[in-house]
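Chain residues, written in single-letter form:
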Amino acid sequence: QVQLVESGGALVQAGGSLRLSCAASGRTFSIYDMGWFRQVPGKEREFVAAINRSGDNTYYADSVKGRFTVSRDNAKNTMYLQLNSLKPEDTAVYYCAAARTTGRVIPLRRTDSYDYWGQGTQVTVSS
């Protein structure tokens, strides 16, 4: 198993930036594809960004592409999400997730592709 802990959420003004971190422990981090999702009350958890196990492929929701950047440092067992040009509609609880993979193509935009989830970190963007 792998344990995931998000951090870095905060209250920021529109146009500001944050960097979220997802620290992993328990298993070899590099074997997992990783993703970021977000959720607001009353809505489904939605895909934000993902990165494959080696870090050479990234994926983004259209709503964040060009503003957010996902990265990982396998030596530090950590995934990051850089959030720039924040908008009030980015307000949500942000979750990181880990997916076991043997190298197969899996749909990283789907929540049910992931096996482990963090507890979430709150991002609030004021207008």
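What you see is a predicted model, and the numbers here were worked out from it, not measured in a lab. (Residues numbered from 1 in each chain as written. Predicted model: local features only at pLDDT ≥ 70, side-chain atom pairs only at ≥ 80, totals over all residues. Heavy atoms only, no water.)

Visitor: Would you explain the layout of surface pockets in this entry?
Guide: Here the idea is plain: a probe the size of a water molecule rolls over the atoms and shows the empty space left. Estimated volume of the largest pocket: approximately 250 Å³. Lining the largest pocket are 13 residues, with Asp33, Asn52, Tyr59, Arg104 and Val105 sitting closest to its centre. Classifying every residue of the lining of the largest pocket by side-chain character gives 5 nonpolar, 4 polar and 4 charged. (1 Å grid on protein atoms, 1.4 Å probe; cavity = no way out; pocket = protein on both sides within 12 Å on 5 of 7 lines; lining within 4 Å. Points joined across faces, edges and corners; volume = space filled by probe spheres on them. Nonpolar A, V, L, I, M, F, W, Y, C, P; charged D, E, K, R; others polar.)

Visitor: Looking at this structure, I do not really get the nonpolar core. What am I missing?
Guide: Among the nonpolar cores identified, the biggest contains 38 residues, and Leu4, Met34, Trp36, Met79, Leu81 and Tyr94 are the most heavily contacted of them. When contributions to this core are tallied by element, the ones reaching two or more residues are strand 3 (18-25), strand 4 (32-39), strand 5 (46-51), strand 7 (68-73), strand 8 (78-83), strand 9 (92-100) and strand 11 (121-126). (Core = buried A, V, L, I, M, F, W, Y, C linked by side-chain atoms within 4.5 Å. Buried < 20%, exposed > 50% of the residue type's maximum accessible area, 1.4 Å probe, protein only. Helix = DSSP H or I, 4+ residues; strand = E, 2+ residues; numbered from the N terminus.)

Visitor: Teacher, can you tell me more about the pairing of strand 8 here?
Guide: For a regular strand, side chains alternate in direction, first toward one face of the sheet and then toward the other. Along strand 8, 5 of the 6 residues are buried, which leaves the element largely enclosed by surrounding structure. Where strand 3 and strand 8 come together, 6 bridges link them in antiparallel fashion. Pairing of Ser21 across the sheet is with Tyr80, part of strand 8. In terms of strand pairing, strand 7 meets strand 8 through 6 bridges, oriented antiparallel. Across the sheet, residue Phe68 finds its bridge partner in strand 8, namely Leu83. Taking the residues between adjacent antiparallel strands as the criterion, strand 7 and strand 8 are bridged by 4 residues, where Asn77 takes a positive phi near 55°. (Pairing = 2+ DSSP bridges.)

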